Amino acid sequence: MGDKKFIIEVEKAKESVNGKPSMGPVYRSLFAKDGFPEPVEGLESCWDVFRISVEKYPGNRMLGRREIVDGKPGQYLWLTYKEVYDIVMKVGFAIRSCGVEKGGRCGIYGINCPEWIMSMEACNAHGIYCVPLYDTLGAGAVEFILCHAEISIVFVEETKISEVLKTFPNTSEYVKTIVSFGKVKPEEKEAAEKFGLAMYSWQEFLCMGEKECELPVTKKTDISTIMYTSGTTGDPKGVMISNDSIVTLIAGVKRLLGSVNEQLTDKDVYMSYLPLAHIFDRVIEELFIHHGAAIGFWRGDVKLLIEDIGELKPTIFCAVPRVLDRIYSGLTEKVASGGFLKHKLFDIAYSLKLNSMKKGNKHEEAAPFCDKIVFNKVKQRLGGNVRLILSGAAPLATHVESFLRVVACAHVLQGYGLTETCAGTFVSMPNELSMLGTVGPPVPNVDVCLESVPEMGYDALSSTPRGEICVRGKTLFQGYFKREDLTKEVMIDGWFHTGDIGEWQPNGSMKIIDRKKNIFKLSQGEYVAVENLENIYGLVSAIDSVWIYGNSFESFLIAVVNPNKQALERWAEDNGIVGDFDTVCGNSKAKEFIIGELGKIGKEKKLKGFEFVRAVHLDPVPFDMERDLLTPTYKKKRPQLLKYYQNIIDGMYKSGGK
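Residues numbered from 1 in each chain as written. Predicted model: local features only at pLDDT ≥ 70, side-chain atom pairs only at ≥ 80, totals over all residues. Heavy atoms only, no water.

(A) Spatial organisation of the sheet that holds strand β26 (residues 557–563). Across the sheet, 3 strands lie side by side as β25-β26-β27; this open sheet has mixed pairing. Sheet topology places β25 (543–549) and β27 (613–618) at the edges, where each strand pairs with a single neighbour. Across the sheet, the mean angle from the axis of one strand to that of its neighbour is 30°, orientation sign disregarded. Pairing between β26 and β27: 5 bridges, direction parallel. (Pairing = 2+ DSSP bridges. Helix = DSSP H or I, 4+ residues; strand = E, 2+ residues; numbered from the N terminus. Axes fitted to C-alpha atoms, helices over the stretch in contact; angles between N-to-C directions.)

(B) Geometry of the packing of aromatic side chains. One pass over the full model with this rule turns up 30 aromatic pairs. With centroids separated by 6.3 Å and ring planes inclined at 20°, the aromatic side chains of Phe 346 and Tyr 350 adopt a geometry described as stacked. Of this pair, Phe 346 and Tyr 350 both sit in helix α12 (residues 340–358), 4 residues apart, which is roughly one turn of that helix. Aromatic pair Phe 426 and Trp 504: ring centres 6.4 Å apart, planes at 65°, arrangement edge-to-face. A residue pair is termed long-range when its members are at least 10 positions apart, and Phe 426 in strand β17 (residues 426–427) and Trp 504 in strand β21 (residues 495–504) qualify at 78 residues. The lysine or arginine in question, Arg 28, covers the ring of Phe 36, its NZ or CZ lying 4.1 Å from the ring centre. The residue whose ring lies beneath Arg 61 is Trp 78, and the NZ or CZ to ring-centre distance is 4.4 Å. (Phe/Tyr/Trp six-rings, centres within 6.5 Å; stacked < 30°, edge-to-face > 60°. Lys NZ or Arg CZ within 6 Å of the ring centre and 35° of its normal.)

(C) Seen up close, the pairing of strand β11 (residues 237–242). For β11, the buried fraction is high: 6 of the 6 residues fall into the buried class. Here β11 shows a buried face lined by Lys 237, Val 239 and Ile 241 and a second buried face lined by Gly 238, Met 240 and Ser 242. (Buried < 20%, exposed > 50% of the residue type's maximum accessible area, 1.4 Å probe, protein only.)

(D) Quick look at α12. In this model α12 runs 27 Å from its N-terminal to its C-terminal C-alpha over 19 residues, within 8% of the 27 Å that 1.5 Å per residue would give. Phe 346, Ala 349, Tyr 350, Lys 353, Leu 354, Ser 356 and Met 357 are the residues of α12 that are buried. For α12, the arc enclosing every buried residue in end-on projection is 160°, short of the 170-degree limit, so these residues lie on one face. Facing away from the buried surface of α12 by more than 90 degrees, the exposed residues are Phe 340, Leu 341, Ile 348, Leu 352 and Lys 358. Packing partners of the buried residues in α12 comprise α11 (321–336), α13 (363–366), α14 (368–381) and α15 (398–407). Just downstream of α12 lies Gly 360, where phi reads positive at about 105°. (Expected span 1.5 Å × (residues − 1). Arc of directions from axis to C-beta. Contact = heavy atoms within 4.5 Å.)

(E) Region of interest: empty space enclosed by the protein. Summed over all chains, the structure comprises 3 cavities of 30 Å³ or more. Volume-wise, the largest cavity comes out at about 90 Å³. The leading source of residues in the lining of the largest cavity is strand β16 (residues 411–416), at 3 residues. (1 Å grid on protein atoms, 1.4 Å probe; cavity = no way out; pocket = protein on both sides within 12 Å on 5 of 7 lines; lining within 4 Å. Points joined across faces, edges and corners; volume = space filled by probe spheres on them.)

(F) The arrangement of a positive patch on the surface in detail. Together, Lys 334, Lys 342, Lys 377 and Arg 381 line one region of the surface with positive charge. Examined against the element boundaries, Lys 334 turns out to sit in helix α11. (Patch = residues over 30% accessible without salt bridge, like charges linked within 9 Å, V, L, I, M, F, W, Y side chains within 5 Å. Areas by Shrake-Rupley, 256 points an atom, 1.4 Å probe, with all protein chains shown as cover. Salt bridge = Lys/Arg side-chain N within 4 Å of Asp/Glu carboxyl O. Lys, Arg positive; Asp, Glu negative; His and termini not counted. Charge placed at Lys NZ, Arg CZ, Asp CG, Glu CD.)

(G) Structural context of the state of the cysteines. Summed over all chains, the structure comprises 0 disulfides. Left unpaired, Cys 409 is separated from the closest cysteine sulfur, that of Cys 370, by 9.9 Å. Judged by relative accessible area, Cys 409 falls into the buried class, the value being 11%. Free of any disulfide, Cys 470 has its nearest neighbouring cysteine sulfur in Cys 449, separated by 4.8 Å. (Disulfide = S-S within 2.5 Å.)

(H) Structural context of the pattern of salt bridges. According to the stated counting rule, one finds 39 salt bridges in the structure shown. Close ionic contact of Asp 86 with Lys 82 constitutes a salt bridge, the shortest N to O distance being 2.7 Å. Within this pair, Asp 86 and its partner Lys 82 are both found in helix α2 (residues 81–97), separated by 4 residues, close to a single helical turn. Lys 82 gets classed as partly exposed once you look at its relative accessible area, which sits at 37%. Across the salt bridge formed by Lys 166 and Glu 163, the nearest N and O atoms sit 3.1 Å from each other. Its relative accessible area of 60% is what places Lys 166 among the exposed residues. Because the salt bridges share partners, they merge into one network encompassing Glu 11, Arg 28, Asp 447 and Arg 472.

(I) Representation of the packing of α2 against helix α3 (residues 114–126) within the structure. Interaxial distance between α2 and α3 falls to 8 Å at its minimum, and their mutual angle equals 65°. Here α2 and α3 pass one another in a crossing that is right-handed. Each of Val 84, Ile 87, Val 88, Val 91, Gly 92, Phe 93, Ile 95 and Arg 96 in α2 lies in contact with α3, whose residues at this interface are Met 118, Ser 119, Glu 121, Ala 122 and His 126. Its residues placed into classes, the contact of α2 with α3 shows 8 nonpolar, 3 polar and 2 charged. (Left-handed = near helix turned anticlockwise from the far one by under 90°. Nonpolar A, V, L, I, M, F, W, Y, C, P; charged D, E, K, R; others polar.)

(J) Looking closely at the nonpolar core. Counting residues in each nonpolar core, the largest one holds 137 residues, and the members touching the most others are Phe 155, Phe 317 and Phe 375. Ranked by residue count, the leading element in this core is α2, at 9 residues. Those residues in contact with Phe 155 that lie beyond four places of it in its chain are Val 91, Ile 95, Cys 106, Gly 107, Ile 108, Tyr 109, Ser 119, Val 179, Phe 181, Trp 202 and Phe 205. Core analysis: the next-biggest nonpolar cluster, separate from the first, contains 33 residues, Leu 522, Leu 557, Trp 571 and Val 613 among them. (Core = buried A, V, L, I, M, F, W, Y, C linked by side-chain atoms within 4.5 Å.)

(K) A look at the environment of Tyr 653. Summarising the element assignment, Tyr 653 is placed in helix α22 (residues 646–654). Separated by 329 residues in the primary sequence, Tyr 653 and Leu 324 have C-alpha atoms spaced 19 Å apart. Ignoring anything within four residues of it in the chain, the contact list for Tyr 653 reads Tyr 549, Gly 550, Asn 551, Glu 554, Phe 556, Leu 557 and Ile 558.

(L) Inspection of the environment of Pro 506 at higher detail. With respect to the helices and strands, the residue Pro 506 is situated in the loop between β21 and β22 (510–515). Judged by relative accessible area, which is 48%, Pro 506 ranks as partly exposed. With 41 residues separating them in the primary sequence, Pro 506 and Pro 465 have C-alpha atoms 9.9 Å apart.

See below:
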């Protein structure tokens with residue numbers, strides 16, 4: 001595998017035994033060559049992360065949001081670590097006064113805000129499992145999670161209260177208390193009382209926390225949070241994450257950042273806008289809290305995000321590719337519309353800096369003159385202080401990553417991880433252009449190996465090792481809540497099987513090249529369980545078969561459809577469309593008709609926006625074994641379908657789904 005510059009081998013490869021696939025050598029980060037980093041002294045739990053920072057940095061800014069004056073946003077107003085601590089204690093005591101004890105479950109539902117973090121910290125203090133709720137998991141997900149996790153108290157953003165009330169009476173066996181992050185309308189309180197629910201505004205609830213009680217002892221092995229993720233069967237899976245997983249990850253990231261001279265300090269500032277309901281943002285915010293740094297919250301509108309960033313001036317910016325794609329498009333459009341001279345100057349500066357970086361120069365030393373004259377405007381667009389941009393949740397297109405590494409005047413790093421691995425598993429290195437298009441080497445607190453997938457032609461022992469990425473270490477989850485069967489499927493001999501296919505690069509970075517199961521992410525980071533959707537769309541009487549496609553570089557789904565011949569010919573006759581079946585399949589109005597039919601069933605089944613198909617190709621020839629598109633048992637061969645329809649797919653995406 002070449003020089004393996006950033007990883008070291010810790011165990012030899014294992015050949016195939018008793019039908020088990022062969023496994024490649026086990027590797028870990030070069031920064032863990034003397035062993036994994038020891039946990040930070042005194043950090044036993046997520047509560048310790050916050051409590052110790054309050055002791056160290058009581059007067060530091062912790063949580064901030066923009067002041068709204070006469071309907072217009074002003075500056076950020078801040079609560080200090082000590083001020084947050086005082087509120088957290090009241091919230092915790094109030095939760096306990098509702099009869100919720102250690103090991104109980106508390107739901108949190110809403111966009112990121114100071115109250116979200118304070119509710120989470122109150123759970124941490126009392127050993128209560130924090131269970132984020134979010135509606136992008138599909139229709140009925142909130143109700144499912146409330147019942148499955150047996151949640152007794154829910155903290156809710158004002159605008160989401162009605163969503164929670166809709167789940168009653170189905171959830172009334174478990175949910176006894178609802179707390180609004182803001183106010184409560186009288187009619188909401190009335191509706192809650194009908195179901196025997198107690199409902200409080202944020203201020204009312206704080207008043208209930210005057211009576212103190214003893215904090216329970218929390219251990220490393222205790223569960224800190226249950227995060228629900230998409231399941232292939234439709235029901236979300238509850239990923240149990242312990243205190244140990246999070247504090248271990250913090251120790252690993254600290255060593256990693258220290259090793260590349262990019263340590264966090266209490267002067268760092270973070271923009272909180274990626275959902276706290278996802279592990280990526282949750283662990284990043286824990287890391288900032290550990291360092292006594294500041295966390296500012298967005299206003300909840302993606303169109304105003306850049307404006308919020310300009311006011312907050314963050315030093316670290318985390319993003320999903322969809323956000324970075326928007327920034328890239330905005331910048332390239334601005335350059336293109338800037339006139340011939342400006343455009344030419346930009347191109348020259350870009351080439352000059354890129355070539356200098358390719359020679360091994362650090363981004364800040366590659367072309368300081370170009371940074372000052374040309375690229376400083378880009379830096380200012382992100383507030384002027386960003387030194388590190390981290391992309392996660394889905395693959396970042398190489399051309400976007402390359403562009404931002406040059407023009408953002410900051411390190412641009414791509415990472416990879418899953419809820420089950422507590423987010424961070426791989427992350428690319430600063431100033432290493434050879435890592436473009438990869439997710440970098442492992443973080444310094446996990447072991448990683450590849451397992452061969454013979455049925456897909458991937459060999460972990462070949463000269464270019466490819467296979468399913470398997471991870472081992474303390475950051476791993478404790479299993480799926482109430483689903484030991486699913487846990488056993490993915491946890492084998494201490495190794496978590498990710499379902500992603502990776503390819504080791506010569507320098508020790510990992511490239512994600514495929515997915516073992518039929519579940520994938522769109523560019524905004526949303527999971528799509530494609531078989532489940534095909535079953536729903538298959539209910540449309542005007543179609544015989546449908547193959548749905550999407551990938552992590554695109555934001556919407558497309559489909560190849562075999563229309564029902566009789567139904568389409570009848571529609572054509574009714575609408576004055578002439579021609580044989582093949583001709584009608586190529587008609588743009590026929591495509592609109594099929595998209596409309598798919599849309600109807602999508603609405604009926606309450607699919608999420610990203611689950612709707614935006615473009616279709618109508619193939620009059622049914623999927624068949626002759627073209628190698630189906631197995632003998634009529635299962636779809638997805639890689640072969642992709643290969644066969646590649647040009648058509650490219651055309652649909654090029655036209656933006658129109």
